Amino acid sequence: MSMERNTNYTGSNTRGTISSLTEEALLHGVRALCRREPDLRRVVKQFGPPPLWAREPGFSTLIHIILEQQVSLASARAAHNRLIELARPLTPRRFLKFDDATLKACGFSRQKTVYCRHLAESIIGRRLDIDALASMDDETVRVELEQINGIGRWTSDIYLLMVLRRPDIWPRGDLALASAAQEVKQLERRPTYDELDLLSTAWKPWRAVAARILWHHYLSRRR
């Protein structure tokens, strides 16, 4: 759409803290946002609650998110699927066996080939421990991921939002969110990313839920 812990939300949690969104927690967040945000409430009324859009943790998903940078979701999915057909399961060592021509045939640009190879080498060299990310706070996850060439704020945020399912992540630089916000908030122009970041503060501590509602609007309208 550039165009990311294991304790679940429970009603008995008096502080209302959530480490990882579940389907139940997502609906709780949707209800909370709808109570205070008429524009988001209209989206949910028209299209229903958004999907959780959860993804499996690990190397393959990070490859997929890198492929999604600045291209359509369909193009990234097709390239990832072609890669998966060549390597089941897809591991860093298997990925490094593919030459440039093979990856190009899958749909990798030269730049994304470099990025994904650096990711694979970083995992093999133990400079990145993907399994450990789930136990880290949001900012530490960003620091760990963004040390990898080709992984910036949007990619790390999508991993936090969709894979680790943190509830208050706002993926800066997401074009689909900017377009959806313009439509939902009935703005004269598409907001800049700085303006969108400021707008999203009103949706704390459920910014990841608000993002899902806006994506849901964006995709539903375009179907």
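Structure shown above.
Rules of the game
Residues numbered from 1 in each chain as written. Predicted model: local features only at pLDDT ≥ 70, side-chain atom pairs only at ≥ 80, totals over all residues. Heavy atoms only, no water. Helix = DSSP H or I, 4+ residues; strand = E, 2+ residues; numbered from the N terminus. Buried < 20%, exposed > 50% of the residue type's maximum accessible area, 1.4 Å probe, protein only. Salt bridge = Lys/Arg side-chain N within 4 Å of Asp/Glu carboxyl O. Core = buried A, V, L, I, M, F, W, Y, C linked by side-chain atoms within 4.5 Å. Contact = heavy atoms within 4.5 Å. Phe/Tyr/Trp six-rings, centres within 6.5 Å; stacked < 30°, edge-to-face > 60°.

Caption draft 1: Representation of the side chain of S179 within the structure. Secondary-structure assignment places S179 in helix α10 (residues 175-184). Residue classification places S179 among the buried positions, given a relative accessible area of 13%.

Caption draft 2: Looking closely at the pattern of salt bridges. Scanning the entire structure with this criterion turns up 15 salt bridges. For K185, the salt bridge goes to D39, with nearest N and O atoms at 2.9 Å. Of this pair, K185 sits in the loop between α10 and α11 (193-200) while D39 is found in helix α2 (residues 38-47), placing the two residues 146 residues apart along the sequence. Between R142 and E139 there is a salt bridge; the shortest N-O distance is 3.0 Å. Within this pair, R142 and its partner E139 are both found in helix α8 (residues 138-146), separated by three residues, close to a single helical turn. Counted as one network, the salt bridges with shared partners bring together E37, D39, R42 and K185.

Caption draft 3: Just the nonpolar core, in detail. Counting 67 residues, the largest nonpolar core has I63, L83, F95, F108, L119, L133 and Y159 as the members making the most contacts within it. Broken down by element, this core gets its largest block of residues, eight residues, from helix α12 (residues 207-222). Residues in contact with L83, not counting those within four places in the same chain, are I63, L90, F95, F98, L103, C106 and F108.

Caption draft 4: Representation of the environment of C116 in the model. Relative to the helices and strands, C116 resides in helix α7 (residues 110-124). Look at C116 and you get buried, because its relative accessible area is 0%. As a C-alpha pair, C116 and R42 span 74 residues in sequence and 40 Å in three-dimensional space.

Caption draft 5: Fine view of the packing of aromatic side chains. Counted according to the given criterion, the structure contains four aromatic pairs. Judged by centre distance (6.4 Å) and plane angle (75 degrees), the rings of W53 and W215 are edge-to-face. Note that W53 is positioned in the loop between α2 and α3 (59-68) and W215 in helix α12, a separation of 162 residues in sequence. What makes W53 partly exposed here is its relative accessible area of 24%. Judged by centre distance (5.9 Å) and plane angle (50 degrees), the rings of F95 and F108 are tilted. Taken together, the positions of F95 in helix α5 (residues 92-96) and F108 in the loop between α6 (100-106) and α7 put the pair 13 residues apart, joining distant regions of the chain. On the basis of relative accessibility, which here comes to 4%, the residue F108 falls in the buried class. Three or more aromatic residues joined by ring pairs form one cluster here, namely F59, F95 and F108.

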